[in-house]
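Understanding the architecture of this molecule
Residues per chain, in single letters:
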Amino acid sequence: MSVGQSIQHDSAKLHVSGRATYIDDLPAPADCLHAAFGLASCAHGRILSMDLAPVLESPGVITALTARDIPAHNDCGPIVHDDPILADGLVQFMGQPIFLVVARSHEEARQAARCARVEYEALPAILDIPAAIAAESWLMPPVQVAKGDAAAALAAAPHRLQGHATLGGQEHFYLENQIALALPREQSSLHVHCSTQHPTEMQHGIAHMLGWAAHQISVECRRMGGAFGGKESQSAQVACAAALAAWKTGRAVKLRLDRNDDMCITGKRHDFAYEWEVGFDDRGQLQGLAITLASRCGFSTDLSGPVNDRAIFHLDNCYYLDALAVRSLRCRTHTVSNTAFRGFGGPQGIFAIEYLLDDIARHLGLDPLDVRRANFYGLPGNESCTMTHYGMSVQDNVAPALVDELAADCDYAARREAIACFNATSPILKHGIALTPVKFGISFTATHYNQAGAQVCVYADGSVLITHGGTEMGQGLHTKVAQIVAQELGLPMERVRLSATDTSRVPNTSATAASSGTDLNGQAALDAARKIRKRLASFFCLRHGLKPGKVEFTLDGVRAGEVREDFASLVAAAYRARIQLWDSGFYATPKIHYDAGSLQGRPFFYFAYGACCAEVVIDTLTGESRVLRADILHDAGRSINPALDIGQIEGGFMQGMGWLTSEELVFRKDGWLATHAPSTYKIPAVSDCPPVLNVKLYDNANTENSIHKSKAVGEPPLMHGFAVFFALRDAACAAAGRAVALQAPATPEAILRAIGELP
Amino acid sequence: MESKNMSQRPIQFWFRGRLTEVRDVSPQRTVLQWLREDIHATGSKEGCGEGDCGACTVVIGSRDDSARGGVRLEAVNSCIQLLPTLDGKALFTVEDLARADQLHPLQQAMVETHASQCGFCTPGFVMSLWADYESRDAAPTRDEIAGCLSGNLCRCTGYRPIIDAAQQAWQQPACKMDRQPLRATLDTLAAMPALDYQSHGQRFIAPRSIAELARHCEAMPQARLLAGSTDIGLWVTKQLRQLGDIIYLGALEELKAIVRQDDCTEIGAGASLSSAFSALTQDEPHWQELAQRFASLPVRNAGTLGGNVANGSPIGDSMPGLIALGTQIVLQKGEQLRSMALEDFYLAYQKTALAPGEFVRALRIPRAVPGRLFRSWKVSKRQDQDISAVCAGFALTLGDAGRITSARLAFGGMAATPRRASAAEAALLGQPFELRSVEAAMAALDTDFQPLDDMRASAAYRLMVARNLLRRLWLEHSNNAPLRIAEVSA
């Protein structure tokens with residue numbers, strides 16, 4: 001059967017032969033126009049004048065649009081309406097779109113976009129977290145969460161440490177830049193092809209902008225060339241702008257961002273700064289923690305609220321905290337509006353506790369892994385210690401067993417000793433090792449997002465077409481959903497196809513995000529397939545004169561006892577008998593609830609777990625580093641597709657590693673992003689792949705009734721990159737001969753600074 | 001006005017199994033624009049438009065008697081190659097590999113190892129691997145694969161399955177291209193008159209001899225000289241500049257010559273970085289490390305050593321090593337040749353000694369002699385395809401008594417031009433090669449350089465690393481402990 005098999009990605013053959021179509025590959029109408037944004041060259045200021053005459057005179061230009069051309073609402077914010085599609089008078093970050101040129105070609109539009117004469121009255125710009133804290137520049141009020149009495153616990157603790165750390169942001173660097181193609185249709189309607197994780201939000205955003213009803217807009221996406229959270233809310237500006245231009249001109253309009261523009265205009269992972277005081281005992285067991293998390297949200301709300309909430313929810317990672325006081329600062333800055341990125345704040349929460357546990361171990365002279373182990377939820381003797389700081393009990397905890405298995409498999413203890421020996425005789429190169437676990441909460445924290453719809457069409461010839469609300473960004477969602485439906489109907493994979501995600505086929509969809517794509521859409525498709533199967537089973541019994549009973553749908557056909565019939569033949573007969581052969585399905589995640597004000601409740605259906613051990617080497621002359629080996633053990637529940645899950649795990653690990661090592665966002669003093677292209681922003685390349693990389697799935701059926709007992713796998717593996725960071729810190733400490741701080745990303749310069757070679 | 005043997009003919013190249021002619025496109029239209037927008041061949045993708053991500057990778061075929069079937073196949077970034085540079089060559093894209101539904105072994109292996117996720121980078125990976133597959137007879141090693149894919153970024157997979165696919169493809173029966181018809185066509189094209197293409201008010205001339213080049217340069221001193229377009233391509237795609245008239249050096253076989261003389265290797269300005277580093281490494285194996293980390297393979301295939309040097313960027317990676325070795329740069333104007341020490345060629349930030357109408361003819365690099373210690377190292381945030389924070393070239397000659405009889409230390413990323421560290425050199429000259437003198441030289445670097453802070457590194461880091469690279473030079477000479485992160489394993 002198909003579920004549980006390592007079936008190839010449904011588009012794999014198209015990918016390798018260049019036949020997979022992305023939006024820019026779609027044949028556009030012959031008279032299609034092309035748009036480009038004009039960008040502000042001021043981080044914060046009033047537009048005193050904007051002369052677009054030179055833009056309009058530029059070759060090939062049809063028109064140039066400003067905020068005043070937007071008929072209803074100049075806003076594409078996903079939650080709060082504070083995200084202008086085109087800045088209207090006030091510029092809030094360097095590179096903010098201030099007008100839109102429409103021209104005959106992509107090149108002409110880009111050329112013209114640079115011709116505007118704009119005068120600004122510069123206003124003071126707050127660019128980073130320290131400046132925002134100093135000015136108390138909050139995007140939303142600070143949030144506090146407390147469990148127990150942290151102050152008292154700190155006062156009573158045998159040891160106390162104060163600490164701080166910084167963690168950089170991250171550019172998504174999807175290979176396909178943001179793009180939308182808007183096609184005017186009859187009766188005041190628009191069909192928009194958009195590379196987006198959230199077609200429904202694009203639909204509503206465009207309708208909101210034009211003052212139209214949702215049923216006038218349809219949004220379609222067959223596949224994205226990568227997304228990683230960067231095409232959840234951030235695709236809206238591009239979709240809206242293309243739609244605006246199509247509405248204005250009455251012609252098809254394509255808006256495809258150039259890489260540099262994309263990197264300047266679109267939001268990134270929130271960078272964070274932390275300060276804490278932690279109390280602990282001689283074994284490193286946490287007694288109390290008071291911590292402040294501050295994040296750079298940028299100029300608008302976007303998804304910063306739930307991102308910062310998720311950071312709070314993940315502060316515990318795998319560890320029991322008896323007394324905790326968290327303060328979360330959501331800084332408003334005059335920079336691009338930071339957004340969803342794989343993990344959605346969770347990684348930034350986990351980083352803090354991993355960092356301070358590492359601090360504690362170094363302070364006590366213990367192995368950091370021992371300190372981590374001493375703090376796990378529900379340890380023997382403390383079985384009742386399962387309550388998180390948000391009021392949800394951790395009931396599916398496998399972290400201790402999983403970590404034990406990985407530590408044994410990768411020979412952690414012996415290698416730590418060998419590394420100490422190596423370092424003792426190697427003055428220039430130093431090795432380091434770390435083993436870090438992850439526990440990640442699965443579900444959208446916005447409870448209402450945890451719903452999905454699907455439509456399964458069985459055609460009269462027995463072939464099957466599925467549409468669901470989820471989008472394909474490379475993760476293999478469509479493949480998994482096809483496996484689920486194929487298994488339910490007893491069909492080989494080639495009889496089941498996925499169509500593009502389209503708001504006119506399945507409405508009111510949620511973003512494909514929060515790792516939940518298969519959990520939600522797989523269940524919805526299963527629901528639809530089951531309805532069809534049930535009708536077919538009844539018809540089968542009727543047709544073969546059987547009493548209603550168990551009918552199996554297998555690769556060998558539909559059967560009950562000795563009676564069998566080909567699926568196609570049964571379907572053909574059912575059609576003639578006027579049996580409904582298609583159906584819709586729906587799913588809403590059970591059990592979850594929480595209070596958005598107090599952040600208390602059960603925000604997550606279940607947790608996914610994993611752990612990674614990484615060994616690195618650093619060069620103390622240059623600060624350069626290399627990962628020598630990584631071992632990962634990951635809990636994908638009962639995997640629906642092990643190969644695709646391993647792909648997510650490896651890809652997530654590398655993306656997490658890149659975030660914490662070579663990927664550095666540098667803003668100039670005037671607010672320009674200096675690292676706005678792959679020439680200066682360095683994601684991992686092929687030789688960064690560890691020469692030894694062992695990835696295994698941890699056999700662990702989900703205790704909750706998830707789709708086929710699997711677990712979501714999109715985001716949790718990103719945290720495996722933490723093992724690399726803490727291994728680098730381990731090596732830096734070995735080089736310095738003492739505990740040293742290391743900032744993230746651990747660039748060569750950061751490593752030299754850590755070991756004291758630099759001021 | 002111009003010589004009559006340059007005809008107004010279309011751009012002609014081998015494409016999709018036959019000779020293709022292109023007229024009426026702008027001379028600065030990129031190969032990728034032509035593919036995707038003009039003929040709607042959308043398999044090749046645009047990821048960055050600056051030759052840094054590899055989603056647009058295509059393979060260029062050119063005549064080369066030393067290659068199999070007389071055709072050399074090389075991966076390049078189509079987003080920064082200008083279409084007329086294809087004249088006389090062959091262009092292969094991802095659409096060329098599969099026959100109907102029969103995938104090429106590389107594609108099949110990519111499918112089987114789950115080597116694509118979003119698939120957007122995949123065509124570029126396939127083409128880089130295909131150029132490599134065609135050039136070898138046995139499965140590549142992991143290091144060879146990494147070298148081959150140094151110009152391709154994937155954000156989804158983490159690369160492991162792609163590396164596996166590159167090896168697994170060799171378990172299937174070989175599937176090599178028949179190059180005979182291609183070579184015959186390339187020969188026909190080579191017999192055509194040199195390209196002198198005009199469209200959209202721009203002229204693109206591709207002379208075939210140095211004499212012709214010299215004449216054009218004198219007649220059109222304002223014309224832009226174009227070689228690999230790994231930098232000028234970005235003027236088009238990122239700065240949206242009009243290049244004006246273009247004199248293309250890529251059709252000039254004479255300018256690509258690499259001649260080994262007794263005392264020096266002379267590398268024609270048009271030799272690709274790949275060929276140039278291959279020649280340099282043969283004579284001096286310590287070029288190898290820099291050669292591997294210089295940009296990426298597609299950039300080294302397209303770009304030229306002459307271009308890197310003439311461009312004069314303070315962060316060009318070839319110059320520190322070349323200056324350390326005492327390289328002479330040979331310039332030509334009309335029939336006049338002159339040469340100078342490479343370090344003297346650089347006058348100020350992006351300002352060179354090149355006169356109007358003059359061009360770089362060749363580089364003369366002194367050959368290895370006993371007693372010469374040479375290293376060239378770059379330091380950057382990433383190992384593959386990055387721009388140096390600091391790049392260093394060191395050449396010391398050790399005399400009989402272990403004294404340093406000549407010291408040439410050159411750095412990139414430390415000043416407005418690639419420059420020698422004269423104070424540090426003075427601190428070493430005549431001294432025994434030992435820690436004390438090295439430390440004196442390290443300290444002297446503070447007077448040699450006042451580097452800048454930028455997004456790659458701070459000034460303090462650059463100075464520290466420059467010093468530490470000198471220390472590494474000493475340690476490599478005196479010490480057995482491991483010094484290179486590439487050389488250790490878990």
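Residues numbered from 1 in each chain as written. Chains lettered and ligands numbered in written order. Predicted model: local features only at pLDDT ≥ 70, side-chain atom pairs only at ≥ 80, totals over all residues.

Here we come to the overall build of chain B. Within chain B one finds 17 helices and 20 strands. Relative to the globule expectation of 23 Å for 490 residues, the C-alpha radius of gyration of chain B, 23 Å, shows essentially globular dimensions. Expressed as a percentage of its 490 residues, the buried residues of chain B come to 57%. Counting contacts in chain B only where the partners sit at least 6 residues apart, residues at least 24 apart contribute 68% of the total. (Helix = DSSP H or I, 4+ residues; strand = E, 2+ residues; numbered from the N terminus. Rg over C-alpha atoms; globule rule 2.2 N^0.38 Å. Buried ≥ 20, exposed ≤ 12 C-beta atoms within 10 Å, placed from the backbone. Contact = placed C-beta atoms within 7 Å.)

Residue and element names in this part refer to chain B. Once the domains are mapped, chain B shows domain 1 (1–252) and domain 2 (257–478). Broken down by secondary-structure element, the contributors of at least two residues to the side of domain 1 that touches domain 2 are β4 (71–77), α4 (142–148) and α7 (210–219). Looking at side-chain class alone, the side of domain 1 that touches domain 2 contains 11 nonpolar, 12 polar and 4 charged residues. (Domains from an automatic or database assignment. Nonpolar A, V, L, I, M, F, W, Y, C, P; charged D, E, K, R; others polar.)

On to the domain arrangement of chain A, then. All names here are of chain A. The domains assigned to chain A are domain 1 (31–124 + 172–265), domain 2 (396–443 + 605–759) and domain 3 (451–588). Between the C-alpha centres of domain 1 and domain 3 there is a distance of 38 Å. When contributions to the side of domain 1 that touches domain 3 are tallied by element, the ones reaching two or more residues are α6 (199–210) and β11 (217–221). Its residues placed into classes, the side of domain 1 that touches domain 3 shows 5 nonpolar, 8 polar and 5 charged.

What follows covers the environment of Ala213 of chain A. Residues and elements named next belong to chain A. Residue placement: Ala213 occurs in the loop between α6 and β11. Since 10 C-beta atoms lie within 10 Å of it, Ala213 is described here as exposed. Expressed as a C-alpha distance, the spacing of Ala213 and Gln203, which sit 10 residues apart in the sequence, is 9.5 Å.

Of note, Met1 of chain A is situated in the segment before α1 (12–17). The sequence separation of Met1 of chain A and Leu491 of chain A amounts to 490 residues, and the corresponding C-alpha distance is 8.6 Å.

Attention now moves to the packing of helix α9 (residues 304–313) of chain A against helix α10 (residues 346–364) of chain A. Residues and elements named next belong to chain A. It is the contact of α9 with α10, at a shortest axis distance of 7 Å, that shows an interaxial angle of 35 degrees. Judged by the sense of rotation from one axis to the other, the crossing of α9 with α10 is right-handed. Across the interface between the two elements, Arg310, Ala311, Ile312 and Phe313 of α9 pack against Gly346, Gln348 and Gly349 of α10. Split by residue class, the contact of α9 with α10 holds 3 nonpolar, 3 polar and 1 charged. (Axes fitted to C-alpha atoms, helices over the stretch in contact; angles between N-to-C directions. Left-handed = near helix turned anticlockwise from the far one by under 90°.)

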